[in-house]
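Chain by chain, the residues:
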Amino acid sequence: EVRAIEEGFAAYSQLVAGSGLAINSSSDRDFPGDDPRVRQAISFAIDRDAVNARVNDGQGIMGDFYFPPSSPLYTEQPFSTFDADEARRLVEEVKAETGWDGSFQLLTPVPNDLALAYQALLNNVGFNVSIDQVASFLELVERTNFTSNFDVSIHVITAYETNVFQSLSRSLTSDSSSNYSKYSNPEFDAIVSELRTAEVPDGQVDVLGRLGELWL
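As the structure is a computational prediction, the values presented were derived from the model and not from experiment.

Visitor: What is the right way to read the overall build of the protein from this model?
Guide: A tally of helices and strands in the protein yields nine helices and six strands. Its C-alpha atoms give the protein a radius of gyration of 18 Å, near enough to 17 Å, the size a compact globule of 216 residues would have. Along the first, second and third principal axes, the C-alpha set of the protein runs to 50 × 40 × 35 Å. Counting every position in the protein, which comprises 216 residues, the buried fraction comes to 44%. A sequence separation of at least 24 residues applies to 66% of the contacts in the protein between residues at least 6 apart. Of the roughly 11,400 Å² that the protein leaves accessible, carbon and sulfur atoms contribute 48%. Taking the 14 positively charged and 33 negatively charged side chains of the protein as two groups, their mean positions are separated by 5 Å.

See below:
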């Protein structure tokens, strides 16, 4: 698509936001994904420019935004940031308090460049990540979406510009049956509910900005 646009071909794209990694926040696993410091450390550890260079030859659209600057739903408020030092501090803090050794499994259909890039960045800040390879994407979906049998999964929560409320409420609000990450935060739920009636696009941008501040 990038090359087609550069060559002058007419193109229209509806942007789709994707999260990249799904973190299991259930409290019934050895992996402490229910600890917000662990989730923050995973996010801080990911250098999205480095991942983009390795996986997409630098041609992908990756960053700290929910929708990129070309979208009418772009917000100045970042949803994430790369900070390896802060990630390392958080990992060491959780290890010292709990005795956890930083181990978890990264679920992926194949151990490709994306899985290896994530593994290297996460191990760099003190995690001990092993790749949990499944035979197909269908098996990954089954384990991530239906049986919740994963620690961290290379899987995305997607949202189109035209249905951002439906996507976020379905995938991340506390009482949704489709919330496979088990994330639960009443403040997040309340802000997401505002997207249902927010003016498009300015009102939605304001709400998404507040979500980004909370998410970060």
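Visitor: Would you take a moment to explain the nonpolar core for this structure?
Guide: The tendency in soluble globular proteins is for nonpolar side chains to be buried as a group. Ranked by internal contacts, the top residues of the largest apolar core, which has 28 residues, are Ile42, Phe104, Leu122 and Phe127. Once residues within four sequence positions are removed from consideration, Ile42 is found in contact with Leu21, Ile23, Phe31, Phe104, Leu122, Phe127 and Val152. Counting 25 residues, the second-largest nonpolar core is a separate cluster that includes Ile157, Phe165, Phe188 and Ile191.

Visitor: How should the pattern of salt bridges be read in this particular structure?
Guide: Side chains carrying opposite charge are able to pair once their charged atoms draw close together. This structure, assessed with the given rule, holds 12 salt bridges. Its salt-bridge partner being Arg210, residue Glu194 comes within 2.6 Å of it at the nearest N-O pair. Here Glu194, found in helix H8 (residues 186-194), pairs with Arg210, found in helix H9 (residues 202-215); they are 16 residues apart in sequence, far enough to count as distant. When its relative accessible area of 35% is taken as the criterion, Glu194 is described as partly exposed. The class of Arg210 is partly exposed, set by a relative accessible area of 28%.

Visitor: Which parts of the structure should I look at to understand helix H7 (residues 164-172)?
Guide: Given 3.6 residues to a turn, an α-helix orients residues that are three or four positions apart in the same direction. Counting buried residues in H7 gives seven out of nine residues, a clear majority hidden from the surface. Inspection of H7 places Val164, Phe165, Ser167, Leu168, Ser169, Ser171 and Leu172 among the buried residues, and these make up the whole buried set. Next to the buried residues of H7 lie strand E6 (159-160), H8 and H9.

Visitor: Just checking my understanding: could you explain the packing of aromatic side chains for this structure?
Guide: A ring pair, where both rings are aromatic, is described by two values, the distance of the centres and the angle of the planes. All chains considered together, the criterion is met by nine aromatic pairs. Between Tyr183 and Phe188 the ring centres are 5.3 Å apart and the planes differ by 90°, which places this aromatic pair in the edge-to-face class. Residue classification places Phe188 among the buried residues on the basis of a relative accessible area of 2%. Within the aromatic cluster, the residues linked to one another by ring pairs are Phe31, Trp100, Phe104 and Phe127.

Visitor: What is the right way to read the packing of helix H3 (residues 48-56) against helix H5 (residues 113-124) from this model?
Guide: Interaxial distance between H3 and H5 falls to 9 Å at its minimum, and their mutual angle equals 150°. Classified by the angle their axes make, H3 and H5 are roughly antiparallel. When the axes of H3 and H5 are compared, the crossing they make is right-handed. Only Asp113, Leu114, Leu116, Ala117, Tyr118 and Leu121 of H5 make contact with H3, whose side of the interface consists of Val51, Arg54 and Val55. Its residues assigned to classes, the contact of H3 with H5 shows seven nonpolar, no polar and two charged.

Visitor: Is there a simple way to explain the confidence of the model for the protein in this structure?
Guide: Close inspection of predicted coordinates is inappropriate for parts of the model with low pLDDT. For the protein, mean pLDDT is 89; residues scoring 70 or higher make up 92% of the total. Mean pLDDT across the elements of the protein ranges from a minimum in strand E1 (residues 16-17), with 47, to a maximum in helix H4 (residues 84-98), with 98.

Visitor: How should helix H2 (residues 36-45) be read in this particular structure?
Guide: Taken as a whole, H2 has its buried residues at Arg37, Val38, Ala41, Ile42, Phe44 and Ala45. Each buried residue of H2 sits inside an arc of 165° when the element is viewed along its axis, so together they form one side. Each element contacted by the buried residues of H2 is listed here: strand E2 (22-23), H4, strand E3 (103-108), H5 and strand E5 (152-153).

Visitor: Explain the sheet that holds E5 here, please?
Guide: Whenever strands of a sheet pair, they do so through backbone hydrogen bonds, lying parallel or antiparallel. Strands sit in the order E2-E5-E3-E4 across an open sheet of four strands; the sheet is mixed. Of all the strands in the sheet, the pair left with one neighbour each is E2 and strand E4 (128-133). Pairing of E2 with E5, which is carried by two bridges, proceeds in the antiparallel orientation. For Ile23, the partnering residue across the bridge sits in E5 and is Val152. Sitting on the sheet, helix H6 (residues 137-146) is in contact with E3, E4 and E5, with an inclination near 130° to E3.

Rules and cut-offs
Residues numbered from 1 in each chain as written. Predicted model: local features only at pLDDT ≥ 70, side-chain atom pairs only at ≥ 80, totals over all residues. Heavy atoms only, no water. Helix = DSSP H or I, 4+ residues; strand = E, 2+ residues; numbered from the N terminus. Rg over C-alpha atoms; globule rule 2.2 N^0.38 Å. Buried < 20%, exposed > 50% of the residue type's maximum accessible area, 1.4 Å probe, protein only. Contact = heavy atoms within 4.5 Å. Areas by Shrake-Rupley, 256 points an atom, 1.4 Å probe, with all protein chains shown as cover. Lys, Arg positive; Asp, Glu negative; His and termini not counted. Charge placed at Lys NZ, Arg CZ, Asp CG, Glu CD. Core = buried A, V, L, I, M, F, W, Y, C linked by side-chain atoms within 4.5 Å. Salt bridge = Lys/Arg side-chain N within 4 Å of Asp/Glu carboxyl O. Phe/Tyr/Trp six-rings, centres within 6.5 Å; stacked < 30°, edge-to-face > 60°. Axes fitted to C-alpha atoms, helices over the stretch in contact; angles between N-to-C directions. Parallel < 35°, antiparallel > 145°, perpendicular 65-115°, else oblique. Left-handed = near helix turned anticlockwise from the far one by under 90°. Nonpolar A, V, L, I, M, F, W, Y, C, P; charged D, E, K, R; others polar. pLDDT = per-residue confidence, 0-100. Arc of directions from axis to C-beta. Pairing = 2+ DSSP bridges.

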